[in-house]
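Spelled out, the chains give:
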Amino acid sequence: MVGKVTREAAAERLKGLFNITVTPFAADGGLDRTGLAQAIERAIAAGYDGVLIGGTYGEFATMTADERASLFRAAMGVVADRVPVLLCSAAADTRVAAELSALAVGLGGIPMVMPPYVSEVTEAQVEAFFRTLCAQLPAVVIYNAPGIGITLAPGLIARLADIPGIVGLKQGELAPTVVDELVGRVGGRIRLFCASDLQMLGPVVAGFDGVSSTNSCALPELIRQVYTALASGDAARAGALQRSWYRYRAFARATGQPQTVKAAMRIRSWNGGHVRAPLTDLAADRVAELEAIMAELLAHPAGTLGRAA
């Protein structure tokens, strides 16, 4: 897709299971490019359909625009067009969002953009923002992320789906009624991605086109098996597999996902790096709890994980 990003090509490739790659920071706060490359290669080798770079759990909010641009370039250099790449170009400053989105397209990626997260922004202003952005770009994915700025209502999303250039939605509000309304109103018009592997069963069964997963950085085999079972129509097996990592999910909800994922990666001897302030790495006692959870998963009788590579 490098140099040839079109709405049609982007829409065609945006489906399946995407790995939300964590951003591995070194102890001094800099980007660990080796760790980033290893994480991307692991996801591709595990059969993931795409990767998402610099998202919420990629800690984009802790990086400068220049650092994010550097991250985009580093990631795209590793991927080399083997799989589609979503590049999160969200920013409170709409000028930064536009600049990063243009860079994403120029590198061969697909920009993923939140609405402007400023006080009292209206639906009309959100719609105007996306219309302006899409007038300059061939393909844009909407990032609807509750907890970060405003939450887009299904009615507004349906109107945004009419904008030329909008090819997909990464949806974080996953209440059953909202999922049902989105599938009914915009399904088939744009790609629908479930933003959370913690809640992926319902949206995929309802008709979402894909899932983005942060925990797949630490549990790539298991998350892939859950999704494969869902995609093949074996909901019973998918449910059983999803239940097998409940303890991990409950722990991650309590401790925070980027720091938990990075700690779990280290437990598997993989380079997850550190988190940036205001987040903090897991304390030693919490790491010990996670080690016990991971040991149980690694020894699962169904072989969902196997042994650490």
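Residues numbered from 1 in each chain as written. Predicted model: local features only at pLDDT ≥ 70, side-chain atom pairs only at ≥ 80, totals over all residues. Heavy atoms only, no water.

Concerning the overall build of the chain
Each helix and strand in the chain was counted, giving 13 helices and eight strands. Its C-alpha radius of gyration of 18 Å places the chain within 12% of the 19 Å reference for a compact globule of 309 residues. In terms of overall dimensions, the chain has C-alpha extents of about 50 × 45 × 35 Å along its principal axes. Within the chain, the fraction of its 309 residues that count as buried is 55%. Residue pairs in contact within the chain that sit at least 24 positions apart in sequence constitute 69% of those at least 6 positions apart. Charge separation in the chain, taken as the distance between the mean sites of 28 positive and 28 negative side-chain charges, equals 4 Å. (Helix = DSSP H or I, 4+ residues; strand = E, 2+ residues; numbered from the N terminus. Rg over C-alpha atoms; globule rule 2.2 N^0.38 Å. Buried < 20%, exposed > 50% of the residue type's maximum accessible area, 1.4 Å probe, protein only. Contact = heavy atoms within 4.5 Å. Lys, Arg positive; Asp, Glu negative; His and termini not counted. Charge placed at Lys NZ, Arg CZ, Asp CG, Glu CD.)

Some remarks on the nonpolar core
Within the largest apolar cluster, 108 residues are counted, with the highest numbers of intra-cluster contacts made by F130, L219, W245 and Y248. The greatest single-element share of this core, amounting to eight residues, is contributed by helix α3 (residues 65–79). Contact partners of Y248, with chain neighbours within four places excluded, come to N215, A218, L219, T260, V261, A264, L290, I293, M294 and L297. (Core = buried A, V, L, I, M, F, W, Y, C linked by side-chain atoms within 4.5 Å.)

Comments concerning α3
With 15 residues, α3 extends 21 Å between its outermost C-alpha atoms, agreeing within 8% with the 21 Å of an ideal straight helix rising 1.5 Å per residue. If you check which residues of α3 are buried, you get R68, A69, L71, F72, A74, A75, M76, V78 and V79. Looking at the buried residues of α3, the elements they touch are α2 (33–45), β2 (50–53), β3 (85–88) and α4 (94–107). Just downstream of α3 lies A80, where phi reads positive at about 55°. (Expected span 1.5 Å × (residues − 1).)

Focus on the sheet that holds strand β5 (residues 140–144)
Here we have eight strands rolled up into a closed barrel, ordered β1-β2-β3-β4-β5-β6-β7-β8, and parallel in their pairing. Averaged over all pairs of adjacent strands, the angle between strand axes in this sheet comes to 25°, irrespective of strand direction. Where α3 meets the sheet, its contacts fall on β2 and β3, and the angle it forms with β3 comes to roughly 175°. (Pairing = 2+ DSSP bridges. Axes fitted to C-alpha atoms, helices over the stretch in contact; angles between N-to-C directions.)

Overview of the packing of aromatic side chains
With the rule as written, the count across this model stands at three aromatic pairs. On the numbers, 5.1 Å between centres and 80° between planes, the contact of F18 with F193 is edge-to-face. On the criterion of sequence distance, the pair formed by F18 in strand β1 (residues 16–21) and F193 in strand β7 (residues 191–194) is long-range, its members being 175 residues apart. Summarising the aromatic geometry, the rings of F129 and F130 are spaced 5.1 Å apart at their centres and angled 70° between planes, so their arrangement reads as edge-to-face. Taking relative accessible area as the criterion, F129 reaches 11% and is therefore assigned buried. (Phe/Tyr/Trp six-rings, centres within 6.5 Å; stacked < 30°, edge-to-face > 60°.)

Overview of the pairing of β1
Of all six residues in β1, six are buried; the element is thus mostly enclosed. Both β1 and strand β8 (residues 210–213) contribute to a ladder of four bridges, which runs parallel. For F18, the partnering residue across the bridge sits in β8 and is S212. In this sheet, β2 lies alongside β1 in parallel orientation, the contact comprising four bridges. Its bridge partner being in β2, T21 is matched across the sheet by I53. Considered for its hand, the β-α-β crossover made up of β1, α2 and β2 is right-handed. (Right-handed = clockwise from strand over helix to strand, strands pointing away.)

Concerning the packing of helix α9 (residues 220–231) against helix α10 (residues 235–244)
Where α9 contacts α10, the two axes come as close as 8 Å, and the packing angle between them is 160°. What the angle tells us is that α9 and α10 run roughly antiparallel. Between α9 and α10 the crossing geometry is left-handed. Across the interface between the two elements, L222, Q225, V226, A229 and L230 from α9 touch R237, A238, L241, Q242 and S244 from α10. In terms of residue class, the contact of α9 with α10 is made up of six nonpolar, three polar and one charged. (Parallel < 35°, antiparallel > 145°, perpendicular 65-115°, else oblique. Left-handed = near helix turned anticlockwise from the far one by under 90°. Nonpolar A, V, L, I, M, F, W, Y, C, P; charged D, E, K, R; others polar.)

What to know about the packing of α3 against α4
A pair of packed helices can be characterised by two numbers: the angle between their axes and the separation between those axes. Contact geometry of α3 with α4 gives a least axis separation of 10 Å together with a crossing angle of 15°. Judged on the interaxial angle alone, α4 and α3 are roughly parallel. The chirality of how α3 crosses α4 is right-handed. Contact residues: A65, R68, A69, F72, R73 and M76 in α3; V96, L100, L103, A104 and L107 in α4. For the contact of α3 with α4, the per-class residue count stands at nine nonpolar, no polar and two charged.

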